[in-house]
Amino acid sequence: MAKKQKSNLLNLTQMKEALYNARQHEALLNILLTDVSTCAQQLEVMDRQYGAQMELLKATVQSKTAIPTAQVYPLFISLSKLWNSFQDEIVLLSVLSNMTANLQPFLELHEELFPAHIIQPLLGDLHIKSDEERFKATAGESVNPVEFRSQEWYFPETTANYDRLPIQYHGFCGFTIATRDGLLLPGNPGIGILKHREGYYVFSSKEAASRFAQDPDHYITLIGEKAKQCAELIQLLELHQQFSAITAYSQAQAAEKLLMKPITKCNSSTQTDTHILETNIVKSYEWNEWELRRKAIKLTNLRQKVTRSMQTHGSHMRRENFSQVYLPKQIGTQTKRDGASNVPKPHTFLSGLRGCGLSKPTNMVKVNLTRDVEES
């Protein structure tokens, strides 16, 4: 009996892993489908451009025997660029085709592990619903935001760009993952999107949304614990915020095998300021009351003054003027004639300075003794 229970448990574990594998396969196929749609749109645009360039080239050439290179060469260059773009799109489509072919064996592996003659008796009369059928079954359900006043809900009728919100857990119902041992069921955004700590969550039913909104942190922790047991859920559910050491596929480089962020260490130092608080010294501070009064009177007088200016005929002389001149050249000449001149040296004699006695007053006489130059 114990061996049979262990076998059933092993089969259940294999089915759970097969479910995760199928969901990963679905996510990869959605990415490939998006790339193919983008390629199709790009090809349509390039096809229209190619047709327009060919019509322009025909109109330029027509039946002429000689055409200037300045007119026809730019058209040839544009056609060459379009042809290279077509070749790039062909290479990309071949890569996507090879990826799709490489993913095909994973679906056949599920059929080998779980044959139909073994699965059908276990299911019995149960009807397995697809994701589209679940969405149709919950189409009319929606959360009443009045019941959760502390939570913020978004609905398609009242939210702009509703389909562009970054949904958590890759669009799967967080409540189902936490309570049903990691079961992956896509959430229906029409029920309502819950915003909790900058994260947006969708749910598979109204009941799941109500119970998750009562204690979101508890269910988020349970999902993290489940991801620790099944490491493939970290990338599939995009749990990079809870596991900061794991890098997302979109951010990982080609050379990274384990997608682990490198642990870097470095020596660092810090410096503490001597004065943490900034000094606030006001140099214009005055404690003397009379000095304050004097400044107030001075400011009052200044407010009553008016500055006037005028320009006169001589005011232009006040400005600073600069001029540049060329200095005169030094020119010297030499002649045979000496043109020197001489002047007489003056000589004077003062007589009567000693006086003539006590009875007579002093009578000074100035005598000019200058001799003529010719006499010498």
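Residues numbered from 1 in each chain as written. Predicted model: local features only at pLDDT ≥ 70, side-chain atom pairs only at ≥ 80, totals over all residues. Heavy atoms only, no water.

1. What about the layout of surface pockets?
Part 1 of the reasoning: Each pocket or cavity is described by its volume, and for the second largest pocket that value is around 860 Å³.
Part 2 of the reasoning: As for the second largest pocket, its lining consists of 32 residues, and the residues nearest its centre are I167, Q168, Y169, H170 and G171.
Part 3 of the reasoning: Counting only elements with at least two residues in the lining of the second largest pocket, the list comes to α1 (2-61), α4 (131-137), β3 (199-201) and α7 (216-229).
Part 4 of the reasoning: Among the elements that take part in the lining of the second largest pocket, α1 stands out by supplying 5 residues, more than any other. (1 Å grid on protein atoms, 1.4 Å probe; cavity = no way out; pocket = protein on both sides within 12 Å on 5 of 7 lines; lining within 4 Å. Points joined across faces, edges and corners; volume = space filled by probe spheres on them. Helix = DSSP H or I, 4+ residues; strand = E, 2+ residues; numbered from the N terminus.)

2. A word on the packing of aromatic side chains
Part 1 of the reasoning: Enumeration according to the criterion identifies 9 aromatic pairs in this entry.
Part 2 of the reasoning: With centroids separated by 5.6 Å and ring planes inclined at 55°, the aromatic side chains of Y169 and Y201 adopt a geometry described as tilted. Of this pair, Y169 sits in the loop between β1 (152-154) and α5 (174-179) while Y201 sits in strand β3; the two residues are 32 residues apart in sequence, bridging distant segments of the chain.
Part 3 of the reasoning: For Y201, a relative accessible area of 7% gives the class buried.
Part 4 of the reasoning: With centroids separated by 5.4 Å and ring planes inclined at 45°, the aromatic side chains of Y201 and F212 adopt a geometry described as tilted. Of this pair, Y201 sits in strand β3 while F212 sits in helix α6 (residues 206-214), placing them 11 residues apart in sequence. Like F212, Y201 is buried. (Phe/Tyr/Trp six-rings, centres within 6.5 Å; stacked < 30°, edge-to-face > 60°. Buried < 20%, exposed > 50% of the residue type's maximum accessible area, 1.4 Å probe, protein only.)

3. Looking at α6
Part 1 of the reasoning: For α6, the full list of buried residues reads A208, A209, S210, F212 and A213.
Part 2 of the reasoning: Among the structural elements, β1, α5, β2 (193-196), β3 and α7 are those in contact with the buried residues of α6.
Part 3 of the reasoning: Among the residues of α6, the N-terminal cap falls to S205, whose side-chain oxygen and the backbone nitrogen of A208 are separated by 3.3 Å. (Contact = heavy atoms within 4.5 Å. Polar contact = N/O pair within 3.5 Å; in protein donor to acceptor, adjacent residues only side chain to side chain.)

4. Comments concerning helix α9 (residues 289-304)
One full turn of an α-helix is made of 3.6 residues, so residues set three or four places apart face in the same direction.
Part 1 of the reasoning: Its 16 residues place the ends of α9 23 Å apart at the C-alpha level, agreeing with the 22 Å of an ideal helix rising 1.5 Å per residue.
Part 2 of the reasoning: Two or three places before W290, at the opening of α9, N288 has a side-chain oxygen 3.2 Å from that residue's backbone nitrogen. (Expected span 1.5 Å × (residues − 1).)

5. Quick look at the environment of W83
Part 1 of the reasoning: On the secondary structure map, W83 appears in helix α2 (residues 69-113).
Part 2 of the reasoning: Judged by its relative accessible area of 55%, W83 is exposed.
Part 3 of the reasoning: Each C-alpha atom, one on W83 and one on M46, is 9.3 Å from the other, the two residues being 37 residues apart in sequence.

6. Considering unusual backbone geometry
Part 1 of the reasoning: Positive phi outside glycine occurs at H170, with the angle close to 60°.
Part 2 of the reasoning: Residue placement: H170 occurs in the loop between β1 and α5.
Part 3 of the reasoning: The backbone phi angle of R197 is positive, close to 55°, even though this residue is not glycine.
Part 4 of the reasoning: Positionally, R197 belongs in the loop between β2 and β3.

7. What about the sheet that holds β2?
Part 1 of the reasoning: Pairing in this open sheet of 3 strands is antiparallel, and the strands run β1-β2-β3 from one edge to the other. Of all the strands in the sheet, just β1 and β3 have a single pairing partner and so form its edges. Averaged over all adjacent pairs, the angle separating strand axes in this sheet is 30°, with direction ignored.
Part 2 of the reasoning: In the sheet, β2 pairs with β3 via 3 bridges, with the strands oriented antiparallel. When the bridges of β3 are listed, K195 appears paired with Y200. (Pairing = 2+ DSSP bridges. Axes fitted to C-alpha atoms, helices over the stretch in contact; angles between N-to-C directions.)

8. Comments concerning the nonpolar core
Part 1 of the reasoning: The biggest cluster of nonpolar side chains holds 31 residues, and the ones touching the most others in it are W153, L184, F203, F212, L233, L237 and L239.
Part 2 of the reasoning: Elements that contribute at least two residues to this core include exactly α5, α6, α7 and α8 (232-236).
Part 3 of the reasoning: Other than its neighbours up to four places away in sequence, L237 contacts Y169, H170, F172, I177, L184 and I223. (Core = buried A, V, L, I, M, F, W, Y, C linked by side-chain atoms within 4.5 Å.)

9. Some words on a nonpolar patch on the surface
Part 1 of the reasoning: A contiguous nonpolar surface patch, about 320 Å² in accessible area, is contributed by F349, V365, V367 and L369.
Part 2 of the reasoning: The residue V365 is located in strand β5 (residues 365-368) in this model.
Part 3 of the reasoning: V365 sits in the partly exposed class, given a relative accessible area of 38%. (Patch = residues over 30% accessible without salt bridge, like charges linked within 9 Å, V, L, I, M, F, W, Y side chains within 5 Å. Areas by Shrake-Rupley, 256 points an atom, 1.4 Å probe, with all protein chains shown as cover. Salt bridge = Lys/Arg side-chain N within 4 Å of Asp/Glu carboxyl O.)

10. Description of the confidence of the model for the chain
Part 1 of the reasoning: Of all residues in the chain, 84% have pLDDT values of 70 or greater, and the mean over the chain is 79.
Part 2 of the reasoning: Segment residues 1-10 is flagged for pLDDT under 50; beyond a separation of four residues in sequence, or across chains, it makes 0 contacts in the model.
Part 3 of the reasoning: This model gives residues 254-262 a pLDDT under 50, and the stretch forms 13 contacts once residues within four places in sequence are excluded. (pLDDT = per-residue confidence, 0-100.)

11. With respect to the pattern of salt bridges
Part 1 of the reasoning: Per the stated rule, a full pass over the model turns up 6 salt bridges.
Part 2 of the reasoning: The closest approach of N and O atoms between R197 and D217, which form a salt bridge, is 3.3 Å. Remark: D217 occurs in helix α7 and R197 occurs in the loop between β2 and β3; sequence separation between them is 20 residues.
Part 3 of the reasoning: For R197, a relative accessible area of 67% gives the class exposed.
Part 4 of the reasoning: Here E225 ties to K228 by a salt bridge, and the two come within 3.5 Å at their closest N and O atoms. Separated by 3 residues within a single helix, E225 and K228 lie in helix α7, roughly one turn from each other.
Part 5 of the reasoning: Given the relative accessible area of 39%, E225 is considered partly exposed.

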